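Each chain, written out:
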Amino acid sequence: LRGILILKEYPTILVDVRDVGYELETSMRTYEQLPELNQSIVLYTQQIIREDAHLFIGFVDPFERQLFRTL
């Protein structure tokens, strides 16, 4: 996911991708590596679909995403 970081409130962030806002949850490791607000960002994502929610989880690198998938 590539866009502009417009909100940071751990563990939730909001990324603007061409005027569409994507809300993602992040790990503390990812959150600590995020740029300042209104800066460009690229995240690797994992979507989780549950009966009561559709969630996106964002990671700064593919290794962390693969670890999440494995666990």
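The structure we're discussing is the one just above.
The following paragraphs examine the structure supplied in this document. The structure presented is a predicted model; accordingly, all values stated were derived computationally and were not measured. (Residues numbered from 1 in each chain as written. Predicted model: local features only at pLDDT ≥ 70, side-chain atom pairs only at ≥ 80, totals over all residues. Heavy atoms only, no water.)

This part takes up the pattern of salt bridges. If you walk through the whole model with that rule in mind, you get 3 salt bridges. Across the pair arginine 29 and aspartate 61 runs a salt bridge, and its minimum N-O distance is 2.9 Å. Taken together, the residues arginine 29 in helix H1 (residues 28–32) and aspartate 61 in the loop between strand E6 (54–59) and helix H2 (62–70) connect sequence positions 32 residues apart. Residue classification places aspartate 61 among the buried positions, given a relative accessible area of 18%. (Salt bridge = Lys/Arg side-chain N within 4 Å of Asp/Glu carboxyl O. Helix = DSSP H or I, 4+ residues; strand = E, 2+ residues; numbered from the N terminus. Buried < 20%, exposed > 50% of the residue type's maximum accessible area, 1.4 Å probe, protein only.)

Before going further, it helps to spend a moment on the sheet that holds strand E3 (residues 20–26). Taken together, 6 strands build an open sheet; the order of strands is E4-E1-E2-E3-E6-E5 and the sheet is mixed. Each end of this open sheet is capped by a strand with a single partner; those strands are strand E4 (40–42) and strand E5 (44–49). Pairs of neighbouring strands in the sheet enclose a mean axial angle of 45 degrees, with direction left out of account. In this sheet, strand E2 (residues 12–17) lies alongside strand E1 (residues 2–9) in antiparallel orientation, the contact comprising 5 bridges. Paired with isoleucine 4 across the bridge in E2 is aspartate 16. (Pairing = 2+ DSSP bridges. Axes fitted to C-alpha atoms, helices over the stretch in contact; angles between N-to-C directions.)

We now examine the environment of isoleucine 6. Along the chain, isoleucine 6 falls in strand E1. Between the alpha carbons of isoleucine 6 and aspartate 16 there is a distance of 6.6 Å; along the sequence they are 10 residues apart. Those residues in contact with isoleucine 6, other than ones at most four positions away along the chain, are Leu14, Asp16, Leu37 and Asn38. (Contact = heavy atoms within 4.5 Å.)

Here we take up the pairing of E5. Sheet analysis places E5 next to E6, joined by 6 bridges and oriented antiparallel. Note on E6: the bridge partner recorded for glutamine 47 is phenylalanine 56. Here E5 folds back onto E6 in antiparallel fashion, the turn holding 4 residues.

Pairing geometry for E1 and E4, over 3 bridges, is antiparallel. Looking across to E4, one finds that glycine 3 is bridged to isoleucine 41. Linking E1 back to E2 in an antiparallel pair, the connection comprises 2 residues.

Time to look at the nonpolar core. Counting residues in each nonpolar core, the largest one holds 8 residues, listed as Leu5, Ile13, Val15, Leu24, Tyr31, Leu34, Ile41 and Leu43. Setting aside residues no more than four positions away along its own chain, leucine 24 makes contact with Leu1, Pro11, Thr12, Ile13, Val15, Leu43, Thr45, Phe56, Ile57 and Gly58. (Core = buried A, V, L, I, M, F, W, Y, C linked by side-chain atoms within 4.5 Å.)

In short, geometric facts, not functional conclusions.
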